[in-house]
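# Survey of secondary and tertiary structure
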Amino acid sequence: MHRFANPARFLRLAKVILPWSNAIAVLCLGSGLYFALFGSPADYQQGESVRIMYVHVPSAWMGMFCYTAMAVFSAMALIWKHPLADLLAKATAPVGAAFTFLCLLTGSLWGKPMWGTWWAWDARLTSMLILLFLYLGYMALVNAFDDPERGHKAAAILALVGAVNVPVIKWSVDWWNTLHQPASVVKMGGPAIDSSMLVPLLLMAVGFKAYWISILILRGRAEIAGQKIRVIRMAQIHAASQGE
Amino acid sequence: MESFQAMLHMGGYGGYVWSAYGVGIAVLALVLVLSLTSARKAEAELDVLQQARRARRGKDLGGTDSESQE
Amino acid sequence: MTRKQRRLYFVLLGMLALGGAVALVLTAISDSLVYFYSPTDIVTQRIPEGRRMRIGGLVENDSLVKDGKTVTFKVTDVTNAVPVSYTGVLPDLFREGQGVVVEGRMEKGGHFKASEVLAKHDENYMPKEVADALKKSGQWNDGKTK
């Protein structure tokens, strides 16, 4: 585990991965957008409005995926004091928040014409809104302390506590009556979605994953540089106070 | 031209579909730009600090030992 | 080493306790987490008149009657059905045989007066041609668990 703990090694690895994740993101999102908007058929019931699904569903997956990643990084930071894990958890939070926000917004834009309402307080929608608040809480908490160490620790605990929400989101549609329909792609007996519509959905999903990796690398680099800057500044202050 | 109109119209759902994609692209682009600028800014600042430190060390030690840091 | 293990067990135990607590709470308040009741719930539980609530089910085939701006239809879960009347704009997906959630009050005689009608769609996505082909070949199961 600690083989990857070294920031210098992370930076070397990041340099190799970044062009690939960028290329995959551009290719998948480009072709995904084409298929989502033009190259796929309209739904037999929902007509053209089904195209919102190709943003909505991958965003929802990413919202839950990023939170899981954040919780795992946080656990690694708390248990093994892995020096990079805190930074990666912190770097993931804004991406997850952005996708969760997109999921809620596109869901609303889809719900209005199809269900007849922008919003319903059913278990799926409510638990997804809680996920957004957990991200916002995490981002506020991680920056709320003068000592970054304490901020990381407090935020990591919040991330772990909030992780119970993820399975609740996933299975809310099975546990309770909801306005939201149950899962289409990941279900027993194969996906309930035609292959012509599965293609853009999966392209967008892979593109979003690659986008997350690119952003994680960029934000990770910023965090590592920020930490080095702090160390140098502290050394300068220390040297100045010694009357050099 | 007609098909372009049909594309915008999206069977009557144009407003919903296009605003979903518009906001989607805007949000992801915003996160990308913010991440890129924060990485560039932090790395540039670090560069300046490290060069200044290197230069100072070089002066202190008569310019012989400028690479020994880190 | 031992400190790391202690922290690991601490975190695992904490997550386990938290998960258990949340599961207990969710089970306890499960009734209020339900977004709607089924027609069977309504028939068997004798819901008092005038209480605001939601009923969900399928719009029964051949039950839809339009009278100007007012529509009446039956919401069914196959075993039981509740007659509903509603005045207003219906969502695009509203049709017979399709899932629906109605919000409103029970009136005398087991009649439900809806103030809001929401369409519920199923988890099946396919182009029209595929749906037609499935219907033609008799493999269509209405997309619903009947």
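If you're wondering where the values come from, they're calculated on a predicted model, not measured in any experiment.

Okay, the overall build of chain C next. Looking only at helices and strands, chain C has 4 helices and 6 strands in total. Taken from the N to the C terminus, the helices and strands of chain C come in the order α-α-α-β-β-β-β-β-β-α. Its C-alpha atoms give chain C a radius of gyration of 22 Å, clearly above 15 Å, the size a compact globule of 146 residues would have. Projected onto its principal axes, the C-alpha coordinates of chain C cover approximately 75 × 45 × 25 Å. In chain C, buried positions account for 34% of the 146 residues. Excluding contacts between residues fewer than 6 apart, the proportion of contacts in chain C whose partners are at least 24 apart in sequence is 48%. Each charge class in chain C was averaged separately, 21 positive and 17 negative side chains, and the resulting centres sit 10 Å apart.

Helix and strand counts for chain B stand at 2 helices and 0 strands. In chain B, which comprises 70 residues, the share counted as buried stands at 27%. For chain B, the accessible surface area stands at approximately 4600 Å², while carbon and sulfur atoms represent 61% of it.

Another point: the packing of aromatic side chains. According to the stated counting rule, one finds 12 aromatic pairs over all chains in the structure shown. Aromatic side chains F99 of chain A and F208 of chain A sit 4.7 Å apart centroid to centroid with 45 degrees between the ring planes, which places their arrangement in the tilted category. Separated by 109 residues along the polypeptide, F99 of chain A in helix α3 (residues 85–114) and F208 of chain A in helix α7 (residues 195–241) bring together distant segments of the chain. Aromatic rings pair up to connect Y34, F35 and F38 of chain A into one cluster. Just above the ring of F65 of chain A sits the side chain of K209 of chain A; from NZ or CZ to the centre is 4.5 Å. Geometry around Y35 of chain C places R54 of chain C over its ring, the cationic atom sitting 4.0 Å from the centre.

A separate point is the environment of A69 of chain A. For A69 of chain A, the location among the structural elements is in helix α2 (residues 53–80). Taking the C-alpha atoms as reference points, A69 of chain A and A89 of chain A, separated by 20 residues in sequence, lie 7.3 Å from one another.

Once that is clear, we can look at the domain arrangement of chain C. Frequently, the measure chosen for interface size is the accessible area that the parts lose on association. Partitioning chain C into structural domains gives domain 1 (2–31) and domain 2 (35–120). Centre-to-centre, using C-alpha coordinates, domain 1 of chain C lies 41 Å away from domain 2 of chain C.

Moving on, we come to the pairing of strand β3 (residues 70–76) of chain C. Residues in a regular strand point their side chains to alternate faces of the sheet. All names here are of chain C. Sheet topology note: the strand β1 (residues 52–59)/β3 ladder contains 2 bridges and is antiparallel. Looking across to β3, one finds that L58 is bridged to T76. As judged from the 3 bridges shared by strand β2 (residues 65–67) and β3, these two strands associate in the antiparallel manner. Among the inter-strand pairings, V65 is bridged to a residue of β3, identified as T72. Joining the antiparallel neighbours β2 and β3 is a turn of 2 residues, in which G68 adopts a positive phi near 65 degrees. Strand direction decides the pairing type here: β3 and strand β4 (residues 81–87), joined by 7 bridges, are antiparallel. Note on β4: the bridge partner recorded for T70 is T87. Here β3 hands over to β4 after 4 residues, with V78 in that stretch at a positive phi of 80 degrees.

As a further point, take the interface of chain A and chain C. Across the contact, 43 residues belong to chain A and 36 residues belong to chain C. A buried area of about 3500 Å², summed over both sides, lies between chain A and chain C, and 62% of it is on carbon and sulfur atoms. For the chain A face of the interface with chain C, the top three residues by lost area are Y44, I79 and W176 of chain A, together amounting to 21%. Applying the counting rule to chain A against chain C returns 0 salt bridges. Applying the counting rule to chain A against chain C returns 16 residue pairs in polar contact (both at pLDDT 80 or more). Of all the elements in the fold, those that place two or more residues in the side of chain A that touches chain C are α2, α3, α5 (148–162) and α7 of chain A. Counting residues per element, the side of chain A that touches chain C draws most heavily on α2 of chain A, at 4 residues.

Moving on, we come to the environment of G58 of chain B. Residue and element names in this part refer to chain B. When you line up the elements, G58 lands in helix α2 (residues 14–60). G58 gets classed as buried once you look at its relative accessible area, which sits at 13%. Taking the C-alpha atoms as reference points, G58 and K41, separated by 17 residues in sequence, lie 26 Å from one another.

Further remarks concern the side chain of E103 of chain C. Residue and element names in this part refer to chain C. Residue position: E103 is located in strand β5 (residues 99–107). Within the structure, the side chain of E103 is placed 3.3 Å from the side chain of R54, a separation counted as a polar contact. Those residues in contact with E103, other than ones at most four positions away along the chain, are R52, M53, R54, F112, K113, A114, S115 and E116.

On to a nonpolar patch on the surface. Residues and elements named next belong to chain A. Together, L13, V16, I17, W20, I24, V206 and I213 line one region of the surface with nonpolar side chains, adding up to about 630 Å² of accessible area. Here the nonpolar patch gets 5 residues from one element, more than from any other, and that element is helix α1 (residues 7–37). Within the fold, I213 resides in helix α7. A residue is classified by how much of its surface remains accessible, and I213, at 31% relative accessible area, is partly exposed.

Cut-offs and rules
Residues numbered from 1 in each chain as written. Chains lettered and ligands numbered in written order. Predicted model: local features only at pLDDT ≥ 70, side-chain atom pairs only at ≥ 80, totals over all residues. Heavy atoms only, no water. Helix = DSSP H or I, 4+ residues; strand = E, 2+ residues; numbered from the N terminus. Rg over C-alpha atoms; globule rule 2.2 N^0.38 Å. Buried < 20%, exposed > 50% of the residue type's maximum accessible area, 1.4 Å probe, protein only. Contact = heavy atoms within 4.5 Å. Lys, Arg positive; Asp, Glu negative; His and termini not counted. Charge placed at Lys NZ, Arg CZ, Asp CG, Glu CD. Areas by Shrake-Rupley, 256 points an atom, 1.4 Å probe, with all protein chains shown as cover. Phe/Tyr/Trp six-rings, centres within 6.5 Å; stacked < 30°, edge-to-face > 60°. Lys NZ or Arg CZ within 6 Å of the ring centre and 35° of its normal. Domains from an automatic or database assignment. Pairing = 2+ DSSP bridges. Buried area = accessible area lost by both parts, 1.4 Å probe. Salt bridge = Lys/Arg side-chain N within 4 Å of Asp/Glu carboxyl O. Polar contact = N/O pair within 3.5 Å; in protein donor to acceptor, adjacent residues only side chain to side chain. Patch = residues over 30% accessible without salt bridge, like charges linked within 9 Å, V, L, I, M, F, W, Y side chains within 5 Å.

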